[in-house]
Amino acid sequence: MAAANVDIAREFGLSFTELGVLLSSFASVYLVCQIPAGLLADRAGGRWLLFSCLLLWSVAQWLSALAGSVHGLLVARCLLGVSEAPVFLIGTRLVTRYFEPARRATPIAFLNASSSLGQVIGPMMLGAVSGAFGWRAMFAFVGSLSAGLALLWISIYRNPKATGSEPEQPEPPRAEKVIHELRRLLSFRTSWALAGGFVGVIYLQWLYAAWLPTYFQTARHFTVSQAGYLSSVPQFAGFIGGLAGGIVTDRLARRGWTPARACRTPLVAALLVAAVTTMLVPFCATTTLAVIVMSVSLFATGIAMTSGWTLGTVLIDEGSVATLEAIQNMGGSLGAVMAPVLTGAALQHSGSFTLAMAIAGVITLGSAALYRIGTRTRIS
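What counts, and at which threshold
- Residues numbered from 1 in each chain as written.
- Predicted model: local features only at pLDDT ≥ 70, side-chain atom pairs only at ≥ 80, totals over all residues.
- Heavy atoms only, no water.
- Helix = DSSP H or I, 4+ residues; strand = E, 2+ residues; numbered from the N terminus.
- UniProt positions renumbered as here; feature names shortened; annotations may be inferred.
- Salt bridge = Lys/Arg side-chain N within 4 Å of Asp/Glu carboxyl O.
- Buried < 20%, exposed > 50% of the residue type's maximum accessible area, 1.4 Å probe, protein only.
- Phe/Tyr/Trp six-rings, centres within 6.5 Å; stacked < 30°, edge-to-face > 60°.
- Patch = residues over 30% accessible without salt bridge, like charges linked within 9 Å, V, L, I, M, F, W, Y side chains within 5 Å.
- Areas by Shrake-Rupley, 256 points an atom, 1.4 Å probe, with all protein chains shown as cover.

Student: Teacher, can you tell me more about unusual backbone geometry here?
Tutor: Most peptide bonds adopt trans geometry, and most residues besides glycine take a negative phi value. A positive phi angle, near 65 degrees, is found at His221, a position not held by glycine. As for its position among the elements, His221 is in the loop between helix H9 (189-218) and helix H10 (224-254).

What follows is the structure, encoded as structure tokens:
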């Protein structure tokens, strides 16, 4: 949607604040669905669950293309949040089945970096589609791609175990067991620190994902297609950073660091770099310098994303990993809700991105502190 923010706001008469609320609707529903999605991912087979998510995601995109009002678009965005909530949790659960704790960072890096790769391809491809055929064609195009991906997944995926098969239907958990598991996990300070720390990671990711094309169109006065191409450069740096986070973390673990320390150290360092560079963006004199500084910020954010997600997998046993990651991702989802709303409100109030970037930097510094002091105890 970020590729067509300006066009959508113009058609429906939205202010920056209202646009921010619309952008955050996806993340709001995504947040609410995290705990149910985590419990489901821990108990269900990944094959049919992910297939269903991809098909529902496709439907949501087609509904966006057909939306005749902002309310229709809002409903489609909420459905998108429901469909995407289990996706990364399923992927993380599968990684824990394939790899030992000291070897999980690199595969998780590929899993998480895929979202950054989408942010690289999306602005270029969808900006061009939107510029040529309108923003509705953009949603229809993405919905068709998702349906094709669902069919590809169900055709090629097989259970990672050598024998046996995944359950075709999720095992329905008893209510008292679900409540007991949540209470147990939430009784640990580590769970809260993971959730609070991830707020800053995803806040930064969503700040750039939701508002970067708008920044280039409004602050730097480029066209929608040009903004799409420019936005892809920092997002590509984020993709590389996501991969680098896995490599660095695994190398530190191979040198004898504990898996938790190997994740925590690059995570905190990356968040500090991302916070400072984000706050510097509005003061860049040229577009070239702004792109370079944003690229450094998103590269660091990519490292933090991979290291933070891997940290959750090494602080708990495999059987509850998706539920813990869901708790952590609830914090991330809160960041995803906050970023579009606070950025839109800051833009509406100040007329520039300076205040918005400063808010993002402060939130990220707070997240670095939470990870540094709150994730030293493993959940048993």
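Student: Teacher, can you tell me more about the UniProt feature "transmembrane region" (unreviewed entry) in the chain here?
Tutor: Annotation from UniProt places "transmembrane region" (unreviewed entry) at residues 20-41, 48-68, 74-96, 135-156, 192-212, 232-253, 265-283 and 353-371. Annotated as residues 192-212, this span is 100% helix and 0% strand, and its ends, taken at the C-alpha atoms, are 30 Å apart. End-to-end, the C-alpha atoms of residues 265-283 are 29 Å apart, and along that stretch the chain is 84% helix and 0% strand.

Student: I'm lost on the pattern of salt bridges in this one. Help?
Tutor: Pairs can form between side chains of opposite charge once their charged atoms are near each other. Evaluated as defined, the whole model comprises 2 salt bridges. Its salt-bridge partner being Asp7, residue Arg10 comes within 2.9 Å of it at the nearest N-O pair. Placement of the pair is Arg10 and Asp7 together in helix H1 (residues 5-12), with a separation of 3 residues, close to one helical turn. Arg10 sits in the exposed class, given a relative accessible area of 57%.

Student: Looking at this model, I keep getting lost on the packing of aromatic side chains. Mind explaining?
Tutor: What characterises a pair of aromatic rings is the spacing of the ring centres plus the angle enclosed by the ring planes. Applying the stated rule across the entire model yields 12 aromatic pairs. On the numbers, 5.9 Å between centres and 90 degrees between planes, the contact of Trp135 with Phe139 is edge-to-face. Of this pair, Trp135 and Phe139 both sit in helix H7 (residues 135-156), 4 residues apart, roughly one helical turn. The pair formed by Trp135 and Phe139 is uniform in burial state, with each residue classed as buried.

Student: Quick question: what am I supposed to make of a nonpolar patch on the surface here?
Tutor: On the surface, a cluster of nonpolar side chains totalling about 380 Å² of accessible area is made up of Leu117, Ile121, Met125, Phe141 and Leu145. Listing elements by their share of the nonpolar patch, those giving two or more residues are helix H6 (105-133) and H7. Here the nonpolar patch gets 3 residues from one element, more than from any other, and that element is H6. Its place among the elements puts Ile121 in helix H6. With a relative accessible area of 39%, Ile121 lands in the partly exposed category.

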